[in-house]
Amino acid sequence: MAYNTSRAGLSPTAPAVPRPRKRRRPSTGAMWSASFENVAQFDHRRRWPNTAGAPHRVWQGFQTPVHSRRWIVADEASTSSGDACTIMSYNILADTHAWNHPDLYRFVPREAMRWDSRRRLIIREIRQWDSDLVCLQEVDKFQGIAAEMQQRGYECIFKGRTWDAEDGCATFWKSERLHLLEEDSIDFNEFNLWNNVAQILVFELNGSQKFVLGNIHVLFNPKRGDIKLGQIRMLLEKANALAEKWDGIPIVLAGDFNCTPDSAIYKFLSTMKLNISLHDRRQLSGLDSPEFGFYEPYRSQWSAREVRNATGYSNVMVARHPLKLCSSYAMLKGNSSNRGDHGEPLATSYHNKFLGTVDYLWYTRGLECSRVLDTLPLNALRKMRGLPTKEMGSDHLPIVAEFVFTERTQDDSEHEDDSEEEESEQDDESAQKATTSKHIYFSDSDD
């Protein structure tokens, strides 16, 4: 029986039937032929065209996930009659990272860590929510994923990290609805901002509406808040420049931003500026936990190079960006069991040393978020004792939002200009106050 693609929810109506893997699996040669051998070798910017007529057998036989997720719909119906576009952001946990950091997955069964098992669950998750655009991070098995996504009508562009890294970012889109107009990318190594990457693409939806899409995986290292801030600042600047090139079209930014909702970097994203002199660079992201081995009790001084990384200038202490951003999840009220004070999910990632939110879908004027796929309650996640599991293929949850296009009015522009200065002043004042973290770190004694 084909897998049910209903978007109403994930809870099964009947006990799940064990996967008939042994009966369904073709010979070893046939399986590799379907997934890998027919996929050409790729470079870091290879575009994968859609291929018609491919068999769909790799999508059959999946169990329904145990834990249910539901759509949160905006209170007020949109006034736009335009098409809706759903976008997913999903850090799928690179296979190399999973095995290189066993301390993060102490309570995860070994079978659940195997890539073949995780890949099936990841593809099932993507298929379940049937998004028009899928932004993946930590992709190090690109060929296999691309082959399966091709069979579902997606095209793709991949951007790999440099140095000795094996993973990168990949963006997939439904070719029947979306047309790629322009592509760009950022190799942050070229700007001495580590070897992370970002993609910036221009799409046209159903031959009418145009928008910019950014996909990024920000550096994790909490000690290097200057680099994290610099990477995000550069993404925003380049996305804005590309949007202006196309006559001021809207922007959506997806990815793992490696910062928590109570962090200074989050405030930078939401308020358009940040005075870095008020912050320790190791605490900019909210990930400065002793459990990661990065925490130091004393406050560090900013060097000229670190200031330049963060703000773009060695003698300027205020980082700025040109976009008025809204967070899709923060704009739609969710349940208190899985939402924090900022309106963001309490957790989008969970492993042995961290339970919290680092994944976001930001958007600009010209778009309205009509619904989001809510995350799981903390108590449900805690019972799992960490991700991945036998039902969930990554240590991150995919986040999904649906956007509709709106008409920008003169009143909106004036309101944004008036509120921009007020919010920036409030940010300077609140930056000096201590914030209460809603993310959770675990000591070695915790179960």
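Only a predicted model underlies this, so the values are computations on that prediction, with no experimental measurement involved.

## Quick notes on the overall build of the protein
What the protein contains, in helices and strands, is 12 helices and 18 strands. A buried classification covers 55% of the 447 residues belonging to the protein. Nonlocal contacts in the protein, meaning residues at least 24 apart in sequence, comprise 77% of its contacts between residues at least 6 apart. Carbon and sulfur atoms make up 46% of the accessible area of the protein, which totals about 19900 Å².

## Overview of helix H8 (residues 264-271)
With respect to burial, H8 is a largely interior element, seven of its eight residues being buried. What H8 keeps buried is the set Ala264, Ile265, Tyr266, Lys267, Phe268, Leu269 and Thr271. Downstream of H8 by a residue or two, Met272 has a phi angle that is positive, lying close to 80°.

## Quick look at the nonpolar core
In this structure, Ile87, Leu133, Leu136, Ile145, Phe172, Phe203 and Phe211 are the most contacted members of the largest nonpolar core, which totals 50 residues. Those residues in contact with Ile145, other than ones at most four positions away along the chain, are Ile92, Trp115, Ile123, Leu136, Val139 and Phe172. Val202, Ile216, Leu229 and Ala243 belong to the second largest nonpolar core, which has 40 residues in total.

## Let's talk about the confidence of the model for the protein
Detailed conclusions should not be drawn from predicted coordinates in areas where pLDDT is low. When pLDDT is averaged along the protein, the result is 82; 72% of the residues meet or exceed 70. Counting interchain partners and residues more than four positions distant, the pLDDT-below-50 stretch residues 427-438 has 19 contacts. Across residues 443-447 the pLDDT falls below 50, and counting only partners more than four positions away or on other chains, this stretch makes seven contacts in the model.

## Description of the sheet that holds strand S10 (residues 251-256)
Strand order in this open sheet of six strands is S7-S8-S9-S10-S16-S13, and the pairing throughout is mixed. Strands at the two margins of the open sheet, each flanked by one partner only, are strand S7 (178-187) and strand S13 (326-327). Of the pairings in the sheet, the one linking S7 to strand S8 (residues 197-205) comprises nine bridges and is antiparallel in character. Residue pairing in the sheet places Asp184 in a bridge with Ile200 of S8.

## Focus: the environment of Ser175
Here Ser175 lies in the loop between strand S6 (168-174) and S7. As for Ser175 and Tyr154, which are separated by 21 residues in sequence, their C-alpha atoms are 5.8 Å apart.

## Structural notes on the state of the cysteines
Taken as a whole and judged by the stated rule, the model has zero disulfides. The closest cysteine sulfur to the non-disulfide-bonded Cys369 is located on Cys326, 9.7 Å from its own sulfur.

Basis of the calculations
- Residues numbered from 1 in each chain as written.
- Predicted model: local features only at pLDDT ≥ 70, side-chain atom pairs only at ≥ 80, totals over all residues.
- Heavy atoms only, no water.
- Helix = DSSP H or I, 4+ residues; strand = E, 2+ residues; numbered from the N terminus.
- Buried < 20%, exposed > 50% of the residue type's maximum accessible area, 1.4 Å probe, protein only.
- Contact = heavy atoms within 4.5 Å.
- Areas by Shrake-Rupley, 256 points an atom, 1.4 Å probe, with all protein chains shown as cover.
- Core = buried A, V, L, I, M, F, W, Y, C linked by side-chain atoms within 4.5 Å.
- pLDDT = per-residue confidence, 0-100.
- Pairing = 2+ DSSP bridges.
- Disulfide = S-S within 2.5 Å.

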